Amino acid sequence: MTDPRIRQLVIKSGVVRRLTREKYCYAKEVVTEQARLEKLRGDGADDHVLRKQEEVIQECIMMVPDSKRRLQKEYEVLEKYLADEQDLIETDSYKKAAEILKDAKAELET
C-alpha cells in the first residue's frame, strides 16, 4: 500500500501543474485575441464586432490576475508540504513535485 503522504503530494503537485498551465494559457489567449482585434481593425470590421472582441480581451485580461492568485496560493501550499515532508526526498513523486514547483515559480515571475 502506498504512503498517503505520497498520494497527497501527487494531488497537490497536480493542482499546481494545472494552475500553471491555466495561467500560461490565459496570458497566451490575451495576446492571441489582441492580434485578432488588430486583424479585424485592419480588415475594416463592423463596430459591433470590434466591441465584442474588445470585451473578449477584457475578460481574458481579468482572468490572468485571478489565475495567478490561485497559482500563488497553491504554490505556497505545495512548497510548505515539500518542506514538511523532507523524508520523501528520494521518491520520484517528490522529485516531480519539486520540478513542478520550479516551473510554477517561473510562470509566477512572468
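Residues numbered from 1 in each chain as written. Predicted model: local features only at pLDDT ≥ 70, side-chain atom pairs only at ≥ 80, totals over all residues. Heavy atoms only, no water.

Within an unreviewed UniProt entry, the label attached to the protein reads Tubulin-specific chaperone A, and the organism entered is Drosophila mauritiana. Listed under Function (unreviewed entry) in UniProt, the entry text for the protein is "Tubulin-folding protein; involved in the early step of the tubulin folding pathway." (UniProt positions renumbered as here; feature names shortened; annotations may be inferred.)

On to helix 3 (residues 92-108), then. With 17 residues, helix 3 should cover 24 Å at 1.5 Å per step; its first-to-last C-alpha distance of 24 Å lies within 8% of that length. Where the residues of helix 3 are buried, they touch helix 1 (4-42) and helix 2 (47-84). (Helix = DSSP H or I, 4+ residues; strand = E, 2+ residues; numbered from the N terminus. Expected span 1.5 Å × (residues − 1). Contact = heavy atoms within 4.5 Å.)

As enumerated under the stated definition, the model contains zero aromatic pairs in all. The ring of Y81 has K12 sitting right over it, with the charged end atom 5.3 Å from the ring centre. (Phe/Tyr/Trp six-rings, centres within 6.5 Å; stacked < 30°, edge-to-face > 60°. Lys NZ or Arg CZ within 6 Å of the ring centre and 35° of its normal.)

As a further point, take the packing of helix 1 against helix 2. Put simply, helix 1 and helix 2 touch, their axes get as near as 8 Å, and they point 160 degrees apart. What the angle tells us is that helix 1 and helix 2 run roughly antiparallel. Handedness of the crossing formed by helix 1 with helix 2: left-handed. A per-class count over the contact of helix 1 with helix 2 returns 23 nonpolar, six polar and 12 charged. (Axes fitted to C-alpha atoms, helices over the stretch in contact; angles between N-to-C directions. Parallel < 35°, antiparallel > 145°, perpendicular 65-115°, else oblique. Left-handed = near helix turned anticlockwise from the far one by under 90°. Nonpolar A, V, L, I, M, F, W, Y, C, P; charged D, E, K, R; others polar.)

For the rest of this paragraph, the subject is the pattern of salt bridges. With the rule as written, the count across this model stands at 15 salt bridges. Put simply, R5 and D3 hold a salt bridge, and the shortest N to O gap is 2.7 Å. Among the residues examined, R5 registers a relative accessible area of 25% and is labelled partly exposed. Its salt-bridge partner being R41, residue E54 comes within 2.7 Å of it at the nearest N-O pair. Taken together, the residues span a long stretch of sequence, with E54 in helix 2 and R41 in helix 1 at a distance of 13 residues. Taking relative accessible area as the criterion, R41 reaches 40% and is therefore assigned partly exposed. The structure contains a network of salt bridges with shared partners spanning R18, E22, D66, R69 and R70. (Salt bridge = Lys/Arg side-chain N within 4 Å of Asp/Glu carboxyl O. Buried < 20%, exposed > 50% of the residue type's maximum accessible area, 1.4 Å probe, protein only.)

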